[in-house]
Amino acid sequence: MGNVKRILMRLGMALALSAGVVFAMAPAQAQDKTPLQFGLAMPLSGSQSLYGKDQVQAAEWAVKDINDKGGVDGHPLKMIVLDTQADPQLGIQAANKLISVEHVPAFISAWSAVVKAIAPVANDAKVVQLSVGANSPDIARLGDYTYTTFPLADVDIRALAKYEATTLGKKRAAVLYINNETGTAAAQVYKDIFTKNGGQIVDYAGYDPNASDWTGLLLKVRASNPDVVHIQGLVADTPQVVAQMRQLGLNMTVSSYSAIYNQHFLDQLGSAAEGIIATSLAPGLSDPKVADYVTRWKKATNRIPNGLPYTEYLYDAPYLIKDVFASMLKNNEKLTGENFRKEMLAIGTFNLPLTGKTTMSADHTVNKPVYLVQVKDGKWQQIAEVK
Amino acid sequence: MLTPIIIAQVLWTSLATSSYYILFSLAFSLVLKINGAFNFAQAAMMTAAFYAAYTLVGIAHLPAWIGFLGAIAGSLVLALLTELLGFRLLRRRRSEQLFVFIFTLIVSEFVAFIAMLIFGSYPTTIFSSLLWPVTLVGTVAVSGWDIPAILSTIAAIAIVFLLLRFTRIGQAMTAVSDNAELAELYGIKRERIFLVTMIVAALLVGLGMFLYGSRAQVQPNTAIDLMIFAIAATIMGGLGNLAGTIVMALVLGIIQNGSVLFIPSEWQGFLLYAFLFAAIVFLPNGIRLPEWRRMSRRVSAEAVSAQNKQEA
């Protein structure tokens, strides 16, 4: 009898201990409560999918990391991913599905043309669209329900144009831009800032998005004798423009923006890429957190992500959403787009794991340091941090 | 701005880059002339040719000549499938031309979709590097790609016209293009001629796509965009006029490249559509270029039949 009593007591203690452990672990599991949904509309196919897929991967890791640490007050985050192919029409369809079918209070999108196309849909439905990666200056003027966590073209192109005109002492710039949303607005920003800082724009020309030869355009550039050529294109055309430049003997400094800041660009151009300057809107490998993040990529995929800075922002975006959800839950607010917007603006400044402090300004912009990188000895290396 | 150096460079590069445009246009025009089909499925042949070469050279790292054979094989397979499983069946059913055209559109989109599923849609080239070595000839930069592209295109054109002018099968092709029913009455097997025409077109497309893909980045839907050029050159050169098509492809190539020296570059892409619009509205029979009779002479079915009998 005594033995039975002792066994029962030990069993009871073991059960109590187990229960204690279970209760202690409960916040970290984040599985029992209703999931908190948000959307992610990105190009998973199409010409931009190389970037889109890596950005989705980064956001998925963030959601996993958040849920592994207990989610949002025990609620797991649930991210619904839809493909836009970077196509405005498909973007609208994705937004409609996220709003009408999935009933999310907020969703993430990217690519300027897509963000612009979606904005009226988000405004009508009063659902927050968080642009993460698109950089058209127009994004700041798309209405009450489109915000960006990513500095707009004004920021990195302004910094680059000023740096080239002042620090590098370039006096004559030629600007080539793809004739679409990505190219036109940013090219104008470069032109304005370079001129304002004492430089002269000696050639300013757009090209067709379907072009495969730029000889005539580049000969005009050569005739204008610039000491720097800024190319505001896409990943499909910019390497070809640079290749033809070098073949035609145009060996002056070339700059572009974060779209070319990847290894594939270096592989395609080899030594012709040497000296090319690009922008980056997120810290590089010198930051320990970014270094860890890149190590994670290398372990998982044996490579660094395409468009590293963009993926850093995509990794951070679910953390911002988590903070807003937490605030909404704390204030017992319904999970609507209107409340999401209200809480997001009330919080104002978010401390994000990779890209650091982000303040959502009332004018729909964010301001962050710009990192300038240059190809040296076949590698991208940081040459300046412009605040 | 218009210095002799710039004009010479634009003309040279336009001549070189027109090579693949000429091959695509000639292939399209040939099938239209002889088979009477508005073959938009040529885009599918182009897509298959590029990705076959890319698989062999870009992924498997095999030598370039194997990639070239792969491009030819890829194009041929698509051409044979389109002809034997598509065009032939539709002809037997006496399907309307519009229906045949829709079929070719679907084939091109279908193959582009399959290519996207298999290879993704990131732009790529057959060779890993975009750079070709450059030699300065006087003041003109001549890349290592230019000369082989021009010479192989000239050779391909010569072979096609020699085939049409001097071989019996070529004469039969011309007879079928004049009047297929009549040609058949005189013993010419038109189904065989249609098949041969598709094979010739496939060879031209295979070569053209190998040249294009070794110089420019390609995505699964690139070929569909390129088809607009081939159609424009065919219409403006005069439907069924092979020499006219070649000349127009060359002229359009030069205009596209050189136009930037005269008009704002934003309008460069618009030019092709403007010319196409003007040609369809004002010149439905194309610009009346003199037909190159010595190379594509008109041959009557009777003449081919008589020759056949004589040789028998």
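Above this note sits the structure.
Report on the accompanying structure. (Residues numbered from 1 in each chain as written. Chains lettered and ligands numbered in written order. Predicted model: local features only at pLDDT ≥ 70, side-chain atom pairs only at ≥ 80, totals over all residues. Heavy atoms only, no water.)

Okay, the overall build of chain A next. Check the secondary structure of chain A and you find 12 helices and 14 strands. Within chain A, the proportion of its 387 residues that are buried is 57%. At a minimum sequence separation of 6, the contacts of chain A that also span at least 24 residues come to 65%. With the model as given, the accessible surface of chain A reaches about 15600 Å², and the carbon-plus-sulfur share is 52%. (Helix = DSSP H or I, 4+ residues; strand = E, 2+ residues; numbered from the N terminus. Buried < 20%, exposed > 50% of the residue type's maximum accessible area, 1.4 Å probe, protein only. Contact = heavy atoms within 4.5 Å. Areas by Shrake-Rupley, 256 points an atom, 1.4 Å probe, with all protein chains shown as cover.)

What follows is about the interface of chain A and chain B. Each partner contributes to the interface: chain A provides 33 residues, whereas chain B provides 32 residues. When the two sides are added together, the surface that chain A and chain B hide from each other amounts to roughly 2800 Å², 54% of it contributed by carbon and sulfur. Contact with chain B buries area across many residues of chain A, yet A:Lys220, A:Gln247 and A:Gln268 alone supply 22% of it, more than any other trio. Our enumeration of links across chain A and chain B arrives at one salt bridge. Applying the counting rule to chain A against chain B returns seven residue pairs in polar contact (both at pLDDT 80 or more). When contributions to the side of chain A that touches chain B are tallied by element, the ones reaching two or more residues are α2 (49–68), β7 (200–207), α7 (215–224), α8 (238–247) and α9 (263–269) of chain A. In terms of residue count, α7(A) provides more of the side of chain A that touches chain B than any other element does, seven residues in total. Taken together, the residues that form the side of chain A that touches chain B break down as 13 nonpolar, 15 polar and five charged. (Buried area = accessible area lost by both parts, 1.4 Å probe. Salt bridge = Lys/Arg side-chain N within 4 Å of Asp/Glu carboxyl O. Polar contact = N/O pair within 3.5 Å; in protein donor to acceptor, adjacent residues only side chain to side chain. Nonpolar A, V, L, I, M, F, W, Y, C, P; charged D, E, K, R; others polar.)

What follows is about helix α11 (residues 308–330) of chain A. Residues and elements named next belong to chain A. Helix length check: α11 (23 residues) gives 34 Å between terminal C-alpha atoms against 33 Å at 1.5 Å per residue, within 8%. Burial runs high along α11: 18 of the 23 residues are buried. Looking at the residues trailing α11, positive phi occurs at Asn-332, about 50 degrees. (Expected span 1.5 Å × (residues − 1).)

The subject of this paragraph is the environment of A:Ala185. Residue and element names in this part refer to chain A. Position of Ala-185 among the secondary structure elements: in helix α6 (residues 181–196). Separated by 145 residues in sequence, Ala-185 and Leu-40 place their C-alpha atoms 25 Å apart. Those residues in contact with Ala-185 that sit more than four places away from it in its chain are Ser-136 and Pro-137.

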